[in-house]
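# Breakdown of the fold
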Amino acid sequence: MPILNRAAEMQDEVAGWRRHLHQTPELNFDVFKTAAFVTEKLKEFGCDDVVTGLGKTGVVGIIRGRQGEGPTIGLRADMDALPLKEITGKPYASTVPGKMHACGHDGHTAMLLGAAKYLAETRNFTGSVAVIFQPAEEGGGGGNEMVKDGMMERFDIAKVFGMHNMPGLPVGQFAIRPGPIMAATAEFTITVKGRGGHAAMPHGTIDPIVITSQLVGALQTIASRSTDPVEAVVVSVTKFHAGDAYNIIPESAEIAGTVRTLKKEVARKSEERIRAICAGLATAYGATIEVDYDANYPVTFNHADETVFASDVAADVAGDAQVHREIQPVMGGEDFSYMLEARPGAFIFIGNGETAGLHNPAYDFNDEAIPHGMSYWVKLAETALAA
């Protein structure tokens, strides 16, 4: 099955929804306008049930097939934006200062809405489709909140599937892999407390800037010297704050950053090494070093059978040569991981073409991907729930 004719016909309509959402980005769980727009559309399409307020501001629509009772599968899109100032110059650019859809969640939401409209019109399947619109993917853990809210049990969801756009992958192509496809994430804040003083008399101080500078370098040895080279780990320091004057050595300095891994044991060892490195430097320099370590999203782990199924569906839509079935894992995090811990399923990437990268102020979702994404969702639902 190539791209659905109906999906191609709906491209302009769905792109209009996408651009409307792009103009009105919202952050984290505060996606009230976005959720209201989704809810209005699902009701307009004739979904059998539309439930709001799941995981705080999530929305789920239920579409029942015309061919009788059967299982329910979940299809998930994310709704939230990022705290960035957009520089695309597009006529539909963000109208909200300091907020933009820099990860394509506007496109994800629009494509799933398009698929929901088609499925509600045709209902050519047995069982039910749950279209899941999730808040707070960008660090808020909205997927976890929806799972904790009992979404899987409430709608008796048997399997769940997710999709994300990928800049650099040509439009019309898909990419997936079994097992870990995206990383577990953690965030750390390290505060180094020394003894401040005059910059001309450093011998009377315990300089937190010197200590913290050595700490930044030492943390890089977690990947280069403490982890098996065939394993994946990323330790990135992304903040460094210290001092306010040219002639004063400050009392303290602070760094923060992130750890990304694909295995629980590597994540555990990385935290242990961070704490050990900090303790060693504190002893060596006579400083106090405090570590605040917060494990965040787990590994996004694709289940084997569901990955084969999703790959085959993508091949039916795009052709087998357009589906990359063994891509390298991506070290970014994704809270669809919580849904995959709760139910079997798979997460797939769809090509966004040669666009700016994700989380870039010049990024924009490629509307040419819309019919491909819609066709994938429809084919997946109708195949999974075939009579």
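Numbering of residues starts from 1 in every chain and runs along the sequence as written. Restriction of local features to residues with pLDDT of at least 70 applies here, the model being predicted, together with a cutoff of 80 or more for giving and counting side-chain atom pairs; totals for whole chains, interfaces and linings are based on all residues. Working from all heavy atoms in the structure, the side-chain values ignore hydrogens and water.

## Points about the overall build of the protein chain
- Comment: elements are numbered from the N terminus, with helices defined as DSSP H or I runs of at least four residues and strands as E runs of at least two. Check the secondary structure of the protein chain and you find twelve helices and 16 strands.
- Dimensions of the protein chain, computed from C-alpha atoms along their principal axes, come out at roughly 80 × 45 × 40 Å.
- Burial classification: accessible surface area is computed with a 1.4 Å probe over protein chains only, and a residue below 20% of its type maximum counts as buried, one above 50% as exposed, and the rest as partly exposed. Counting every position in the protein chain, which comprises 387 residues, the buried fraction comes to 52%.
- Contacts: residue pairs with any heavy atoms within 4.5 Å of one another. In the protein chain, 82% of the contacts between residues at least 6 apart in sequence involve partners at least 24 apart.
- Note on areas: Shrake-Rupley with a 1.4 Å probe; residue coverage comes only from the protein chains shown. When the accessible surface of the protein chain is summed, it comes to about 16,000 Å², and 51% of that surface belongs to carbon and sulfur atoms.
- Measuring between centres, the 33 positive side-chain charges of the protein chain sit 1 Å from its 48 negative side-chain charges. Residues counted as positive are Lys and Arg, residues counted as negative are Asp and Glu, and His and the chain ends are not counted. Charged side chains are reduced to one point each, which is NZ for Lys, CZ for Arg, CG for Asp and CD for Glu.

## So, the pairing of strand β16 (residues 345-351)
- Burial runs high along β16: seven of the seven residues are buried.
- Neither face of β16 is left uncovered, since the one carrying G345, F347, F349 and G351 and the one carrying A346, I348 and I350 both have all their residues buried.
- Bridge analysis of strand β5 (residues 157-166) against β16 gives seven bridges, and the strand direction is parallel. Note on β16: the bridge partner recorded for M163 is I348. Should DSSP find at least two bridges between two strands, the strands are regarded as paired.

## Some points on the pairing of strand β2 (residues 58-64)
- When you tally the buried positions in β2, you get six out of seven residues, the bulk of the element.
- Of the pairings in the sheet, the one linking strand β1 (residues 49-54) to β2 comprises five bridges and is antiparallel in character. From the neighbouring strand, L54 faces β2, where its bridge partner is G58.
- If you look at the hairpin formed by β1 and β2, you'll find three residues sitting between the two strands, and G55 has a positive phi there, around 60 degrees.
- Bridging between β2 and strand β4 (residues 128-134) involves six bridges; their strand directions are antiparallel. Bridge assignment links V60 to a residue of β4, and that residue is I132.

## Considerations on the sheet that holds β5
- A sheet is described by the order of its strands in space; here eight strands give the open sequence β1-β2-β4-β3-β5-β16-β6-β15, paired in mixed fashion. Looking at which strands have only one partner, the edges of the open sheet turn out to be β1 and β15 (323-324).

## What to know about the domain arrangement of the protein chain
- According to the domain assignment, the protein chain consists of domain 1 (3-180 + 299-383) and domain 2 (183-294).
- Source of the domain bounds: an automatic or database domain assignment. Put simply, the middle of domain 1 and the middle of domain 2, counted by C-alpha atoms, are 37 Å apart.
- Throughout, the accessible surface (probe 1.4 Å) given up by two parts as they are put together, summed over both, is called the buried area. Across the domain 1/domain 2 interface, buried area totals approximately 670 Å², and carbon plus sulfur atoms make up 67% of it.
- When the buried surface of domain 1 facing domain 2 is broken down by residue, V299, M331 and G333 rank first, second and third, together holding 70% of it.
- Side-chain atoms alone can form a polar contact between residues adjacent in sequence; in general such a contact is a pair of N or O atoms within 3.5 Å, and within protein one must be able to donate a hydrogen while the other accepts it. Our enumeration of links across domain 1 and domain 2 arrives at three residue pairs in polar contact (both at pLDDT 80 or more).

## Concerning the UniProt feature "binding site: Mn(2+)" (unreviewed entry) in the protein chain
- UniProt positions are given in the numbering used here, feature names are shortened, and annotations may be inferred rather than shown by experiment. Residues annotated in UniProt with the feature "binding site: Mn(2+)" (unreviewed entry) correspond here to C103, H105, E138, H164 and H359. In three dimensions, the annotated residues from a span of 257 residues occupy one location, with a maximal C-alpha spread of 13.3 Å.
- Counting through the fold element by element, C103 comes out in the loop between β3 (72-78) and α4 (105-122).
- When residues no more than four places from it in sequence are discounted, the contact partners of C103 are L82, H108, E138, H164, N165, L358, H359 and Y363.
- You can see H359 is positioned in the loop between β16 and α12 (370-384).

## Thoughts on helix α3 (residues 32-45)
- What a helix should span is 1.5 Å times the count of its residues minus one. Over its 14 residues, α3 runs 20 Å from end to end, which matches the ideal 20 Å to within 8%, given 1.5 Å per residue.
- Those residues of α3 lying buried are T34, A35, F37, V38, T39, K41, L42 and F45.
- Buried residues along α3 sit in contact with α2 (11-23), β1, β2, α4 and β4.
- Among the residues trailing α3, G46 stands out with phi positive, at a value near 90 degrees.

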